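Overview (structure and organization)
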Protein chains: 2
Amino acid sequence: MRISVRLYQAIKAKELGLTVAKRDDFSQWYTQSLIRSEMLDYSDVSGCYILRPWGYAIWAHIQAFMNTEFKSRGIQDSYFPLLIPEPAIQREQAHLEGFSPEVAWVTHAGDAPLNVRLAVRPTSETAIYPAYSRWIKTWRDLPLRLNQWCNVVRWEFKNPQPLIRSREFLWQEGHSAFASREEADAEVRDILGLYRRVFEEMLAVPVMEGVKSETEKFAGAEYTTTVEAFIPEAGRAIQGATSHGLGQNFSRMFDIKFEDGKGQLQYAWQNSWGFTTRSIGVMAMVHGDDQGMVLPPRVATTQVVVLPVGITTRTDSAISNRIRQECQTIAAQLNAGGIRTMADLAENQTPGWKFSHWELKGVPLRIEVGPKELDSEAYSYAVRYDGTKGRMLKSDLVNIVTLQLESIHNGMLSKARKKYLESIIPATNWDTVTQALAAGKMCMIPWCEEASCERSIKERTSEQAIAGAKCLCIPFEQPFEILSNLSCPACSRPSKRWTLFARSY
Amino acid sequence: MRISVRLYQAIKAKELGLTVAKRDDFSQWYTQSLIRSEMLDYSDVSGCYILRPWGYAIWAHIQAFMNTEFKSRGIQDSYFPLLIPEPAIQREQAHLEGFSPEVAWVTHAGDAPLNVRLAVRPTSETAIYPAYSRWIKTWRDLPLRLNQWCNVVRWEFKNPQPLIRSREFLWQEGHSAFASREEADAEVRDILGLYRRVFEEMLAVPVMEGVKSETEKFAGAEYTTTVEAFIPEAGRAIQGATSHGLGQNFSRMFDIKFEDGKGQLQYAWQNSWGFTTRSIGVMAMVHGDDQGMVLPPRVATTQVVVLPVGITTRTDSAISNRIRQECQTIAAQLNAGGIRTMADLAENQTPGWKFSHWELKGVPLRIEVGPKELDSEAYSYAVRYDGTKGRMLKSDLVNIVTLQLESIHNGMLSKARKKYLESIIPATNWDTVTQALAAGKMCMIPWCEEASCERSIKERTSEQAIAGAKCLCIPFEQPFEILSNLSCPACSRPSKRWTLFARSY
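Just so we're clear, the structure is a prediction, and the values are computed from it rather than from any experiment.

Thresholds applied
Residues numbered from 1 in each chain as written. Chains lettered and ligands numbered in written order. Predicted model: local features only at pLDDT ≥ 70, side-chain atom pairs only at ≥ 80, totals over all residues. Heavy atoms only, no water. Least-squares fit on C-alpha atoms with pLDDT ≥ 70 in both. Contact = heavy atoms within 4.5 Å. Core = buried A, V, L, I, M, F, W, Y, C linked by side-chain atoms within 4.5 Å. Buried < 20%, exposed > 50% of the residue type's maximum accessible area, 1.4 Å probe, protein only. Helix = DSSP H or I, 4+ residues; strand = E, 2+ residues; numbered from the N terminus. Expected span 1.5 Å × (residues − 1). Axes fitted to C-alpha atoms, helices over the stretch in contact; angles between N-to-C directions. Parallel < 35°, antiparallel > 145°, perpendicular 65-115°, else oblique. Domains from an automatic or database assignment. Buried area = accessible area lost by both parts, 1.4 Å probe. Salt bridge = Lys/Arg side-chain N within 4 Å of Asp/Glu carboxyl O.

Of the two same-sequence chains, chain A is brought onto chain B (RMSD 0.0 Å, axial shift 0.0 Å) by a rotation of 180 degrees. Such a combination of rotation and displacement between the chain copies is what one expects of a two-fold axis. Minimal C-alpha distance to the rotation axis in chain A is attained by A:Val106, lying at 2.1 Å. With an isologous cut-off of 70% or more, the 100% of interface residues of chain A that recur at the interface of chain B puts this contact in the isologous class.

Glancing now at the nonpolar core. Membership of the largest hydrophobic core comes to 146 residues, with the highest contact counts inside it found for A:Met283 and B:Met283. With sequence-adjacent residues up to four places away left out, A:Met283 is seen in contact with A:Met39, A:Ile58, A:Leu203, A:Val205, A:Gly288, A:Met293, A:Leu295, A:Pro296 and A:Val299.

Time to look at helix H7 (residues 181–202) of chain B. Residue and element names in this part refer to chain B. Compared with an ideal rise of 1.5 Å per residue, which puts 22 residues at 32 Å, H7 spans 31 Å between its outermost C-alpha atoms and is within 8% of the ideal. Here H7 has its buried residues at Ala184, Glu187, Val188, Ile191, Leu192, Gly193, Leu194, Tyr195, Val198, Phe199, Glu200 and Met202. Looking at the residues trailing H7, positive phi occurs at Ala204, about 55 degrees.

Okay, the packing of H7(B) against helix H13 (residues 397–422) of chain B next. All names here are of chain B. Their axes nearest at 9 Å, the elements H7 and H13 cross at an angle of 115 degrees. As judged from the angle between their axes, H7 and H13 are roughly perpendicular. Together, Glu200, Glu201 and Met202 of H7 and His409, Leu413 and Arg417 of H13 make up the contact between the two elements.

What follows concerns the domain arrangement of chain A. All names here are of chain A. What the domain assignment reports for chain A is domain 1 (26–287), domain 2 (304–405) and domain 3 (424–502). On a C-alpha basis, the centroid separation for the pair domain 1 and domain 3 is 27 Å. Overall, the association of domain 1 and domain 3 removes approximately 1400 Å² of surface from exposure, summing both partners, and the carbon and sulfur fraction of that is 67%. When the area that domain 1 buries against domain 3 is broken down by residue, the three leading residues are Met208, Val211 and Phe230, summing to 34%. Seen at the junction of domain 1 and domain 3, the total is one salt bridge.

This is the structure:
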């Protein structure tokens, strides 16, 4: 393992933290930053991870945000069984083929073999729609829009990676049935927009909205919409969350019919959509640095840490007591103002150790109180994500810190968005495509939208055991006009729409 | 199926609702009331049920209450994997024996057999404690107190019963490790008290707190504390929730040791505790009646339903419009005041149909607005649980309804508690024991606490394919003094403590 000079110095200076730099070994850095910040840990089952409180709390913040949005839309929470009988999951053939290699099967209970194998849900379309078929009789029963927060298992045999590619993960899955295609399609896009907002407004992560290619769509869907993130240091894109138009594919298979008010029986129009704990991994990858995790304020367990500094063996004990008390007062004041704050008053660690510790854990803002601060009008502070240091007035502290946290969120999102946009290379010829990919960028090409071309791009861009470039999405907001004379840079057929390709997780 | 005259009349009068009375066929009544009120539904997997929004919302209210309590105690949320490798679950032998017959095993992923079978968690002690062993090194790492909200599977082969005995259910499980037995034991009782509060303060269900007999304790625990509910109409008790003192049993098996600050390595003292969706079933059983579900206000999705009444074909349309508008105004006003209210203005159903529908669903309070109400100072209302009808002033409506909902909660709890206490028969001789059980009561006996006697009581009280009486708990608050000359009514050995026995779910 190669260690950069920069990182070596950082380790010597602090004797705490990561031993790998983000630029040197991204994959090692990523895992280390998650484990050492205590976001998560390994378990006894390969590919399954423990979400520790520091990581789980991020999920809880996301849940709270989404639940409010779901509720305002009239979407209701429910819970469907974990286990799906094999015949049910086999009913939609394209769907089965999509998931079958990854299904974990329950075959025995106690010592007794089961008559029918039970799939541990990889997604719940086939568990939920038999019930929809019972519940939906007339147009009055529509729309039916249910959500559940649950665990799913997809037993992938590729390299597991915490949060990004794990065999069990947490998610919400929404399943709606409507009387018309228009309503179903409108909700697909509405929910995708909500997912974009969770990435941007909670996780400070920029994403692009678009539709997947036919090859990359959800098994059994008519089409899949997606929000795509990008990790510049890894040179890889990552699917953030997806929302699927199911058309009548599942309603035909599961016999979900309604009387339309004119005496006709119609198949329902459906969609489904899911947002997973993978989003936490994307956030960690986008914002983290060589000091560790960098948390966006709106999902951070602790938004502000208050530390006593400048206390030495020669410090008068009255002064050091006043410093500690002031730390506690600040924390109490900020917590009362709705800002999640902790004062770290542990006496067995130096301020330097604590600085590194809370930087590793990614706390957005640090406030320092030392002898100098006691009788001045301001505290020292440090911002985690960009290292800014300064002094903030003691008066009106809750408002000042509130504004600063907002500014940190906006700053993190702007910084990440700038890098995102810089990572997109428009490419109208094949040389630019390969150069962009070699440089770890995405390319935006005027694409023909042919599956054979998509396969060929993947093959031709596969090198050195690195996966080839995939179609990420055809952006809803097309970035340029398609000139009628542009041909697909991969196959020279006429181009249809600008499409984003990159290597991908 | 026998139908009582009372029920027959009810059906004729309403042509909606249940076809079985609670007293006539309790088990049928219970299932019907859950399914028809749309609390839950069957799934394709025997013993696994769908929690529909009307039922799931109750769980969400319980979660919100508990999360606040956990947080105030410093207990943190986390998430551990669903699947536990067979060797891990085998490590604590008594624990394995307790769960082994009920474990659902994942043996294959896709087409590939797994090297090691994976248990779908029946409870997570053996999944979580290997991590505790890594995380706990010194006394500074203690206490460690984590909770998770998740699903568990116990593949029981007995008759499934929705919520009460289902193969998959939702719960929270807490797992704490402390440096001393005293702290661990104190938390066991503290959490049990919290469980009692959820039953009483959220579900309006009275329970008794006590300790389980040796035979009935949790597999692997030193002792198990429990809250026990009772269903008078079924003549059966039901375990509400349990909190276990694990002593050092698991810390020895999983090597959870800490340096105690004096250079000594000690095994941690542990406990674990869980509260499940079974509680919703208990609530349904305790409060439901022949009209259907009866929901306690604090967990009801809809606390108040507002209905237009007295509109006939001859009603002036200006009047009927005013009535509908008034209904909407009331709902808006109450919702703004934090009271979950809906106005049911559907025009294709009669008021009578709606009365029955919302009674079946168990909405605590109904407000009626008719022509008479428009220009008077009061609305008509009806209370679901006791059928009280009356008129409430329009002015200060939010406060009046708030107080009324409080009064409904207290009334439901008092009514249920009275029946609970009436169901306990003190029994110092065997005849009284058998008479009490035959009458569908619990008996409180001065018990010897011998396992052989417990077995014998179970056997001797088993009749007509009905399970025999079990030890429910030895109440913490002993109801009477134990007189030194009292002997166990079952075996005549000296008695130790008053103990509650009954037939049980």
